[in-house]
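Coordinate analysis (summary)
As a plain string of letters, each chain reads:
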Amino acid sequence: MEKLLQEIKSCVVCKNHLPHPPRPILQASTQAKILIIGQAPGRRVQHTGIPWNDASGRELRRWLGVSEEQFYNKDLFALVPMGFCYPGTGTHGDLPPRPECQPLWHPILLDKMGHIQLTILIGQYAQKHYLGTKSKPTLTDNVKNFREFLPKYLPLVHPSPRNKRWQKRNVWFEWEVVPVVQDIVRSLLQ
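To keep things clear, this report deals only with the structure shown in the data block. These figures come from a predicted structure and were not determined experimentally. (Residues numbered from 1 in each chain as written. Predicted model: local features only at pLDDT ≥ 70, side-chain atom pairs only at ≥ 80, totals over all residues. Heavy atoms only, no water.)

Another point: the overall build of the chain. Helix and strand counts for the chain come out as 9 helices and 6 strands. The C-alpha atoms of the chain give 16 Å as radius of gyration, which agrees with the globular expectation for 190 residues (16 Å, within 12%). Taking the principal axes of the C-alpha coordinates as reference, the chain spans close to 40 × 40 × 35 Å. Taken over 190 residues, the chain has a buried fraction of 49%. (Helix = DSSP H or I, 4+ residues; strand = E, 2+ residues; numbered from the N terminus. Rg over C-alpha atoms; globule rule 2.2 N^0.38 Å. Buried < 20%, exposed > 50% of the residue type's maximum accessible area, 1.4 Å probe, protein only.)

Glancing now at the packing of aromatic side chains. In this structure the tally under the stated criterion is 7 aromatic pairs. Between W166 and W172 the ring centres are 5.8 Å apart and the planes differ by 75°, which places this aromatic pair in the edge-to-face class. Note on W172 and F173: the rings are 6.4 Å apart at their centroids and 75° apart in plane angle, and the pair reads as edge-to-face. Residue classification places W172 among the buried positions, given a relative accessible area of 12%. Judged by its relative accessible area of 1%, F173 falls in the buried class. Every member of this aromatic cluster is reached through a ring pair, and the members are W63, W166, W172 and F173. Over the face of the ring belonging to F71 we find R61, whose NZ or CZ atom lies 5.2 Å from the ring centre. (Phe/Tyr/Trp six-rings, centres within 6.5 Å; stacked < 30°, edge-to-face > 60°. Lys NZ or Arg CZ within 6 Å of the ring centre and 35° of its normal.)

The biggest cluster of nonpolar side chains holds 29 residues, and the ones touching the most others in it are I36, L64, F77, L156 and F173. Ranked by residues supplied to this core, first place goes to helix 9 (residues 172–189) with 9 residues. Once residues lying within four places of it in the same chain are set aside, the contact partners of L64 are I36, F71, F77, I120, V181, Q182 and V185. Core analysis: the second largest hydrophobic core is formed by 24 residues, C11, A78, C101 and L109 among them. (Core = buried A, V, L, I, M, F, W, Y, C linked by side-chain atoms within 4.5 Å. Contact = heavy atoms within 4.5 Å.)

Helix-helix packing: each pair is described by the crossing angle between the helix axes and the interaxial distance. Contact geometry of helix 3 (residues 55–64) with helix 9 gives a least axis separation of 7 Å together with a crossing angle of 75°. The orientation of helix 3 relative to helix 9 falls into the category roughly perpendicular. Along the contact surface, helix 3 presents R62, W63 and L64, while helix 9 presents F173, E174, V178, V181, Q182 and V185. Tallied by class, the residues present in the contact of helix 3 with helix 9 amount to 6 nonpolar, 1 polar and 2 charged. (Axes fitted to C-alpha atoms, helices over the stretch in contact; angles between N-to-C directions. Parallel < 35°, antiparallel > 145°, perpendicular 65-115°, else oblique. Nonpolar A, V, L, I, M, F, W, Y, C, P; charged D, E, K, R; others polar.)

Moving on, we come to helix 1 (residues 2–9). Listed as buried for helix 1 are L4, L5 and I8. Taken end-on, helix 1 shows its buried residues confined to a sector of 100°, consistent with a single buried face. Elements that come into contact with the buried residues of helix 1 comprise helix 5 (101–112). (Arc of directions from axis to C-beta.)

Glancing now at unusual backbone geometry. Most peptide bonds are trans, and most residues other than glycine sit at a negative phi. In the segment running from L150 into P151, the intervening peptide bond is cis, with an omega of 10°. Its identity is not glycine, yet W52 carries a phi of approximately 60°, on the positive side. Among the secondary structure elements, W52 is positioned in the loop between helix 2 (43–48) and helix 3. Looking at W52, the relative accessible area reads 12%, which means it is buried.

Read across the sheet, 4 strands follow the order 2-1-5-6 without closing on themselves; strand pairing throughout is parallel. The open sheet has two edge strands, strand 2 (77–79) and strand 6 (153–156), and neither has a second partner. The sheet shows a mean angle of 20° between the axes of neighbouring strands, direction not considered. Of the pairings in the sheet, the one linking strand 5 (residues 118–122) to strand 6 comprises 4 bridges and is parallel in character. Note on strand 6: the bridge partner recorded for L121 is P155. Helix 9 rests against strand 1 (34–37), strand 2, strand 5 and strand 6 of the sheet, and its axis sits at about 145° to strand 6. (Pairing = 2+ DSSP bridges.)

Take a look at the structure:
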């Protein structure tokens, strides 16, 4: 696994499409129990090199009911985005994850993580890819019907501060989804 992680962290396949030099960011272990597949690192994460080291990460840890120490324990959580490098900014936030990473690295990486008991799919890119034909018409529908995808997958909205408006329109998320997510995560980490 360490050799594979070094290969991934040295990857420059999409360097001509990035606003900064490639800096693939992920966390993984053969022992990880929970896999979180997000979109791509944001600007702050690209700078620090620590996955989910921003406001989105703080909110995600709150939703999961875990401490920073637990979250950054690679034997508990694998943090694997669809695109490993910061893709740059567009007119409405960060650009989509680069399409090269997932087909190049996910199959090899996921094959080495044989202890994964739950895969949390954050955002539309991860959900469309991993839920495939079972995906609902919208991200909101996936999240609202999260129980249909358990025990293998758990679709969530992105915890970005930009999604606060979504959360205000969908108050059921905080009351109905977050407590269940915390119960599931707690049971898997025992």
